[in-house]
Amino acid sequence: MSTEVRASKTDAESALETHFAAARHSLPGAPAVASLRENAFRRFAADGLPHRRIEEWKYTDLRALMPAAKPLAPLPDGAAKLRAKEAGAMHLAIDARRLVFVDGSFVPELSDLAALEGGLTIRSMAALLVSGDVGKIGRIVPTDDIAVALNTAFMGDGVMIDVAPRVALSRPIHLIFVNTGEHGGAVFMRSLITIGNGARAMLVESHEGSDEFQVNTALELDVRANAHVDHVKITRAGALHVSTLMACVGAQARFNEFLFTAGGAVVRNQLFVRFAGEGTVAGIRGACLTKHRQHVDTTLVVEHVAGGCTSREMFKSVLDGESHGIFQGKIIVRPHAQKTDAKMATHALLLSDSAEAANKPELEIFADDVQCGHGATSGALNAELLFYLKARGIPQNEAEALLIQAFVGEAVEGIEHAGLRDTLMGDVAAWLAERK
Amino acid sequence: MHLLEVKHLHVEVDGNKILNGLELSVGKGSVHAIMGPNGSGKSTLAHVLAGKQDYVVTQGEVLLDGDDILVLDPHERAAKGLFLAFQYPLEIPGVATMTFLRTAMNAQRKQRGEPEISTPDFLKRVRQVAGKLGIDQDMLRRGVNVGFSGGEKKRNEILQMAVLEPRLCVLDETDSGLDIDALKVVAEGVNHLRAPERSFVVITHYQRLLNYIVPDVVHVLSKGRIVRTGGKELALELEASGYAQYQDAAA
């Protein structure tokens, strides 16, 4: 006789069931969405929160890291919108079309919807769900990941963006997610972005504001053939921030992904990227800076389905205090993906004796004519280099800052937009200044 | 007063005695060469002067302008006018030479209570010196020493020295790994910096460098102490006779 041992429900799991039961009828969406939600919730309920015995979540055990599930954040009132506006997070040093989301809801009056370029369509996800036009949801890169299932069950708002074929957006689109209020709440954002054949778009996503929110955000990104897309995601806050990118990249496309994380108590960024057409050139990079007891997990699954694609992955983490950094990167090369050229590097810089880094690069190669490689390092700042800088008159803390900036800079260099590079290096400088 | 005075210096590394009661006085404006066989303590002396960790001073004093510098951190010694040209200059990927120089210069100025240098003044100064040393603008924009040849790295050391204008320059085997042309460029750079207020301690294994940087005083270091001191002709004598006699004398 075999018995499956299933741990009893955690408080958070019970609370999620209660919240779903209470909200299922009020969440946006026509009947079609209701069944999508029900199915997704059943997927979650079957296994519960991901925990350390699930390989993909081994280092980020949500049963342990999520002691409670906060209630869904209420729709933002005038005061919340004002707080968001005053938070000063609205402005990026670069000129961009801003789309603002406060406490999980799209706020048109804080957003820049004027003079949309021809071929650019923007709708709120809530409106899309209500319309029932949800055929694409969950289809770009299907996954049975539990965090995505939870997102589908609870998705409240987000954005649907469509860039028509051959349209080049004149300026970046900046999605600003600001959470306000000291009590916090749970926010489930879902977005669906399609960049048409031969179109050009730059997308920036930043998550800011209160550290009391539990955020589950998911973006489905459909990059069509010959398109050129940059996506930069910046995470600066959150009690729990779980983010999923599901990107499918078509033939001869250029795709540049960058993840920057400098805030948030527990952060999990998962990326599922599929190269579905031949001849694509992609860079998937990231940098994170952690301190105190922060926990930042980057989990990447890059799947080469079509041949002749080049991908470069580089992730850098700087870990101070008692923080934990995790990088799991898997490159899968399917049997027909000949001439794949994939290189993945992950480097962790440990600034304290109590910081911890886990690096897990993996290659699964089923084709026989490919070039794939990976490298992982972790270590402290080089004492010889520090002495060289000090011998030139640079004090210890400034010498450390220079070396840390150089370390992170190597990844940030991968961002094409100079203004955005400067913004992020500004974040790095601010982080370093706070460290002293 | 001497610019540098090293008195009865004893130094250990990992429990091994390397310097054994070393005495050295360097007057203002003079060039002292320190020669000696491998393992005599030449590089240890250079590193102890600059303040490297792991070099334990068990006895003795090092005075710069009469002030004890052994209590100072490396960056404080640099601000006080001490410069060590490294035998093996390090590569710093991601830190452009310009950024590095400017950070160093302003850190030293801050330490001395002086205002920061203006951008035009800084650029002018660097360009001037770089031109003389044959260092082009592209090299200045690249990461410090990244992809540089041995000769370029040594020239970059001299560039830093010239820009930072120290009063005591310690050159640790600056000639190692250089061909004759590179050696001449480096020596010219050094000679150009010779001044009544600036002194040099030139550490070398070979006499060759001293044909181009002509010293006022030559010391022979063996087993952690100076065993002979003389004029520039002592270097030539060493070239002819080797170090064997000094190793015996110190034993």
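In this text, all values refer to a predicted model and were calculated from it rather than measured experimentally. (Residues numbered from 1 in each chain as written. Chains lettered and ligands numbered in written order. Predicted model: local features only at pLDDT ≥ 70, side-chain atom pairs only at ≥ 80, totals over all residues.)

1. Some thoughts on the overall build of chain A
Piece 1. Within chain A, the secondary structure is distributed over nine helices and 19 strands.
Piece 2. The C-alpha radius of gyration computed for chain A amounts to 21 Å, which stays within 12% of the reference 22 Å derived for 436 residues, consistent with globular compactness.
Piece 3. With the C-alpha coordinates aligned to their principal axes, the bounding extent of chain A is approximately 70 × 65 × 45 Å.
Piece 4. For chain A, contacts bridging at least 24 residues in sequence account for 85% of all contacts bridging at least 6. (Helix = DSSP H or I, 4+ residues; strand = E, 2+ residues; numbered from the N terminus. Rg over C-alpha atoms; globule rule 2.2 N^0.38 Å. Contact = placed C-beta atoms within 7 Å.)

2. Comments concerning the overall build of chain B
Piece 1. Counting its regular elements, chain B contains ten helices and twelve strands.
Piece 2. Rg of the C-alpha trace for chain B: 18 Å, near the compact-globule value of 18 Å for 251 residues, within the 12% margin.
Piece 3. Each principal axis of the C-alpha atoms in chain B carries an extent, and together these give about 55 × 40 × 35 Å.
Piece 4. Out of the 251 residues belonging to chain B, those deemed buried represent 43%.
Piece 5. The contacts in chain B between residues at least 6 apart in sequence include a share of 73% that link residues at least 24 apart. (Buried ≥ 20, exposed ≤ 12 C-beta atoms within 10 Å, placed from the backbone.)

3. A short note on unusual backbone geometry
Residue and element names in this part refer to chain A.
Piece 1. Non-glycine residue His 292 carries a positive phi angle of around 45°.
Piece 2. With respect to the helices and strands, His 292 occurs in the loop between β13 (281-290) and β14 (295-304).
Piece 3. Although it is not a glycine, Lys 339 adopts a positive phi angle of roughly 60°.

4. Looking at the packing of helix α8 (residues 396-412) of chain A against helix α9 (residues 418-435) of chain A
Residue and element names in this part refer to chain A.
Piece 1. Closest axis-to-axis distance for the α8/α9 pair is 11 Å, and the angle between their directions is 150°. When the axis of α8 is compared with that of α9, the two are roughly antiparallel. Relative to α9, α8 is oriented so that their crossing is right-handed. Here Ala 401, Ile 404, Gln 405, Val 408, Gly 409 and Val 412 of α8 come into contact with α9, specifically with Arg 421, Leu 424, Met 425, Val 428 and Leu 432.
Piece 2. Counted by class, the contact of α8 with α9 contains eight nonpolar, two polar and one charged residues. (Axes fitted to C-alpha atoms, helices over the stretch in contact; angles between N-to-C directions. Parallel < 35°, antiparallel > 145°, perpendicular 65-115°, else oblique. Left-handed = near helix turned anticlockwise from the far one by under 90°. Nonpolar A, V, L, I, M, F, W, Y, C, P; charged D, E, K, R; others polar.)

5. Here we look at the environment of Val 144 of chain B
Residue and element names in this part refer to chain B.
Piece 1. Relative to the elements of secondary structure, Val 144 occurs in strand β8 (residues 143-144).
Piece 2. C-beta crowding within 10 Å serves as the criterion here: with 29 such atoms nearby, Val 144 is assigned to the buried category.
Piece 3. Between the C-alpha atoms of Val 144 and Lys 232, which are 88 residues apart in sequence, the distance is 35 Å.
Piece 4. Those residues in contact with Val 144 that sit more than four places away from it in its chain are Glu 91, Ile 92, Val 95, Thr 97 and Phe 100.

6. Things to note about the interface of chain B and chain A
Piece 1. With 21 residues of chain B at the contact, the number on the chain A side is 16 residues.
Piece 2. With five residues, the single largest contributor to the side of chain B that touches chain A is helix α3 (residues 97-111) of chain B.

7. Quick word on the sheet that holds strand β12 (residues 225-230) of chain B
All names here are of chain B.
Piece 1. Read across the open sheet, the six strands follow the order β6-β9-β10-β3-β11-β12; overall the sheet is mixed. Every other strand in the sheet has two partners, leaving β6 (82-85) and β12 as the edge strands with one partner each. Strand-to-strand, the axes of this sheet are offset by a mean angle of 20°, without reference to chain direction.
Piece 2. As defined by bridge partners, strand β9 (residues 168-172) adjoins strand β10 (residues 199-204) across five bridges and the pair is classed as parallel. What sits directly across from Cys 169, in β10, is Phe 200.
Piece 3. Packed on one face of the sheet, helix α6 (residues 150-164) meets β6 and β9 and runs near 170° to β6. (Pairing = 2+ DSSP bridges.)

8. Some remarks on the sheet that holds strand β2 (residues 105-106) of chain A
Residue and element names in this part refer to chain A.
Piece 1. Taken in spatial order, the ten strands make up an open sheet running β2-β1-β5-β7-β9-β11-β13-β15-β17-β19, and their pairing is mixed. With one partner strand each, in any of the chains shown, β2 and β19 (371-379) form the two edges of the open sheet.
Piece 2. Where β13 meets strand β15 (residues 310-319), ten bridges bridge the pair, whose relative direction is parallel. When the sheet's bridge partners are listed, Arg 285 is paired in β15 with Met 314.

9. Considering the domain arrangement of chain A
Residues and elements named next belong to chain A.
Piece 1. Split into domains, chain A comes out as domain 1 (11-277) and domain 2 (382-436).
Piece 2. For domain 1 versus domain 2, the distance between C-alpha centres works out to 31 Å.
Piece 3. Counting residues at the interface gives twelve residues for domain 1 and eleven residues for domain 2.
Piece 4. Elements represented by at least two residues in the side of domain 1 that touches domain 2 include exactly β7 (200-209), β9 (228-235) and β11 (254-261).
Piece 5. By residue number, the principal contributor to the side of domain 1 that touches domain 2 is β11, which donates three residues.
Piece 6. The residue makeup of the side of domain 1 that touches domain 2, split by class, is ten nonpolar, one polar and one charged. (Domains from an automatic or database assignment.)

10. Re the environment of Leu 99 of chain A
Piece 1. The topology assignment puts Leu 99 of chain A in strand β1 (residues 97-102).
Piece 2. The residues contacting Leu 99 of chain A, other than those within four sequence positions of it, are Ser 111, Ile 122, Val 159, Ile 173, Leu 175 and Ile 176 of chain A.

11. Focus: helix α7 (residues 180-193) of chain B
An α-helix turns once per 3.6 residues; consequently, residues spaced three or four apart project the same way.
All names here are of chain B.
Piece 1. For α7, which comprises 14 residues, the first-to-last C-alpha distance of 20 Å matches the rise-based estimate of 20 Å (1.5 Å per residue) to within 8%.
Piece 2. Buried within α7 we find Leu 183, Val 186, Ala 187, Gly 189 and Val 190. Viewed end-on, α7 has its buried residues packed into an arc of 155°, placing them on one side of the element.
Piece 3. In the core, the buried residues of α7 are packed alongside α4 (119-133), α6, β10 and α8 (209-212). (Expected span 1.5 Å × (residues − 1). Arc of directions from axis to C-beta.)

12. Overview of helix α1 (residues 11-23) of chain A
Residue and element names in this part refer to chain A.
Piece 1. For α1, which comprises 13 residues, the first-to-last C-alpha distance of 18 Å matches the rise-based estimate of 18 Å (1.5 Å per residue) to within 8%.
Piece 2. Along α1, the positions that sit buried rather than exposed are Ala 12, Glu 13, Leu 16 and Phe 20. Projection of α1 onto a plane perpendicular to its axis shows the buried side chains occupying an angular sector of 100°, all on one side. Residues of α1 that are exposed and point over 90 degrees away from its buried face: Asp 11, Thr 18, Ala 21 and Ala 22.
Piece 3. Summarising the contacts, the buried residues of α1 are in contact with α2 (31-47) and α6 (146-154).

13. Some words on the environment of Ala 391 of chain A
Piece 1. Structurally, Ala 391 of chain A is set in helix α7 (residues 383-391).
Piece 2. For Ala 391 of chain A and Leu 62 of chain A, which are 329 residues apart along the polypeptide, the C-alpha to C-alpha distance reads 47 Å.
Piece 3. Ignoring any residue separated from it by four or fewer positions in sequence, one finds Ala 391 of chain A in contact with Ala 50, Pro 74, Ala 78 and Leu 84 of chain B.

14. Some remarks on the nonpolar core
Piece 1. Ranked by internal contacts, the top residues of the largest apolar core, which has 212 residues, are Val 223 and Val 249 of chain A together with Val 170 of chain B.
Piece 2. Residue contributions to this core peak at nine residues, all from α8 of chain A.
Piece 3. For this core, the domains that each give at least three residues are domain 1 (11-277) and domain 2 (382-436) of chain A. (Core = buried A, V, L, I, M, F, W, Y, C linked by C-beta atoms within 7 Å.)

15. A closer look at the pairing of strand β8 (residues 214-223) of chain A
Residues and elements named next belong to chain A.
Piece 1. Of all ten residues making up β8, ten are buried, and the element is well covered by its neighbours.
Piece 2. The alternating pattern of β8 places Gln 214, Asn 216, Ala 218, Glu 220 and Asp 222 on one face and Val 215, Thr 217, Leu 219, Leu 221 and Val 223 on the opposite face, and all of these are buried.
Piece 3. Strand direction decides the pairing type here: strand β6 (residues 186-195) and β8, joined by ten bridges, are parallel. The partner of Leu 192 across the bridge, within β8, is Glu 220.
Piece 4. Judged from the ten bridges that link them, β8 and strand β10 (residues 240-249) form a sheet pairing that is parallel. Within β10, the residue paired with Asn 216 across the bridge is Val 242.

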